[in-house]
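Here are the chains, one letter per residue:
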Amino acid sequence: MLGGLQMREKAEALWVVIDTICGGYHIYKDEGVIEKARREAGLVREYCSFFLQGNVFGMEEEEYQNLCAYVIQVLKDFVEAIEQTDTVLMLDTLDYGIRELVDIYREDDRKRA
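To start, this report covers the structure provided alongside it. As a convention, each chain's residues are numbered from 1 in the sequence order in which they are written. Reporting in this predicted model follows two pLDDT cut-offs: at least 70 for local features of residues, and 80 or more for side-chain atom pairs to be given and counted; totals over whole chains, interfaces and linings ignore these cut-offs and use all residues. Excluding hydrogens and water, the side-chain values take into account all heavy atoms of the structure.

Turning our eyes to something else, we now look at the packing of aromatic side chains. Pairing of aromatic side chains here covers Phe, Tyr and the six-membered ring of Trp, requires ring centres within 6.5 Å, and sorts the geometry by plane angle: under 30 degrees stacked, over 60 edge-to-face, intermediate tilted. Applying the stated criterion to the full structure yields six aromatic pairs. Here the aromatic rings of Phe51 and Phe57 are separated by 6.0 Å at their centres, their planes lie at 25 degrees, and the arrangement is stacked. Classification of Phe57 as partly exposed rests on a relative accessible area of 37%. An aromatic cluster is built from Tyr47, Phe50, Phe51, Phe57 and Tyr105, whose rings are joined through pairwise contacts. Two limits define a charge over a ring: the Lys NZ or Arg CZ must be within 6 Å of the ring centre, and within 35 degrees of the ring normal. Between the NZ or CZ atom of Arg99 and the centre of the ring of Trp15, over which it lies, the distance is 4.3 Å. Relative accessible area decides the class of each residue, using a 1.4 Å probe on protein chains only: under 20% of the type maximum gives buried, over 50% gives exposed, and in between gives partly exposed.

Each nonpolar core is a collection of buried residues, namely Ala, Val, Leu, Ile, Met, Phe, Trp, Tyr and Cys, held together in the definition by side-chain atoms within 4.5 Å. Judged by nonpolar contacts, the single largest core of 33 residues is most densely connected at Tyr47, Phe51, Met90 and Ile98. Where helices and strands are cited, they refer to DSSP runs of H or I of at least four residues and of E of at least two residues respectively, numbered from the N terminus. Looking at this core, the elements that each hand over two or more residues are helix H1 (4-28), helix H2 (33-39), helix H3 (41-51), helix H4 (61-84) and helix H5 (87-112).

We now examine a negative patch on the surface. Among the surface-exposed residues, Glu80, Glu83, Asp86 and Asp92 lie close enough to one another that they form a single negatively charged patch. Mapped onto the elements of the fold, Asp86 is located in the loop between H4 and H5. Only residues whose relative accessible area exceeds 30% and that form no salt bridge are eligible for patches; like-charged ones are grouped when within 9 Å, while nonpolar side chains (Val, Leu, Ile, Met, Phe, Trp, Tyr) are grouped when within 5 Å. The Shrake-Rupley method, run with a 1.4 Å probe sphere, supplies the accessible areas, and residue values consider only the shown protein chains as cover. Each salt bridge in this description consists of a side-chain nitrogen of Lys or Arg and a carboxyl oxygen of Asp or Glu lying within 4 Å of one another. Positive: Lys, Arg. Negative: Asp, Glu. His and the chain ends are not part of the count. The atoms used to mark charge sites are NZ of Lys, CZ of Arg, CG of Asp and CD of Glu.

What follows is about H3. Where H3 is concerned, the buried positions are Leu43, Val44, Tyr47, Cys48, Phe50 and Phe51. The buried residues of H3 all sit within an arc of 145 degrees when viewed along its axis, so they share a single face. Directions are taken from the helix axis to each C-beta atom, and the arc is the one they span.

With that settled, the discussion passes to the environment of Leu94. In this structure, Leu94 sits in helix H5. Residue class for Leu94 comes out buried when judged on its relative accessible area of 2%. Through-space distance from the C-alpha of Leu94 to that of Cys48 is 12 Å; in sequence the pair is 46 residues apart. We call two residues in contact whenever any of their non-hydrogen atoms come within 4.5 Å of each other. Apart from residues no more than four positions distant in its own chain, Leu94 is found in contact with Ile18, Ile21, Cys22, Phe78 and Arg99.

Positive phi outside glycine occurs at Lys29, with the angle close to 60 degrees. When you line up the elements, Lys29 lands in the loop between H1 and H2. Phi angles above zero are rare outside glycine, and Thr85 is one such case at about 45 degrees. With respect to the secondary-structure elements, Thr85 resides in the loop between H4 and H5. What makes Thr85 exposed here is its relative accessible area of 54%.

The structure is reproduced here in structure tokens:
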């Protein structure tokens, strides 16, 4: 299982990936969204799978089950976007799905500062 420091590093890496892909599309009209996301699929999988390995945050059981359902849905959307080459779904999944999971560690870091 990944430790807190490794998850923070992965969260930072994913934040950069999301900003690069989504920003590249919206600002520079870079249409390589699906290809770039596909190249980062391993990082997305590894990061998201951490949340499904057990209730490491000590959440209430119902809350943890809701988190797991959210993570699974985000992963399904990511895969579907790749399979369907759906740029809009991928952008939404990255910016509003995966970014929410990345923010878990980024917000924790801000609270400590």
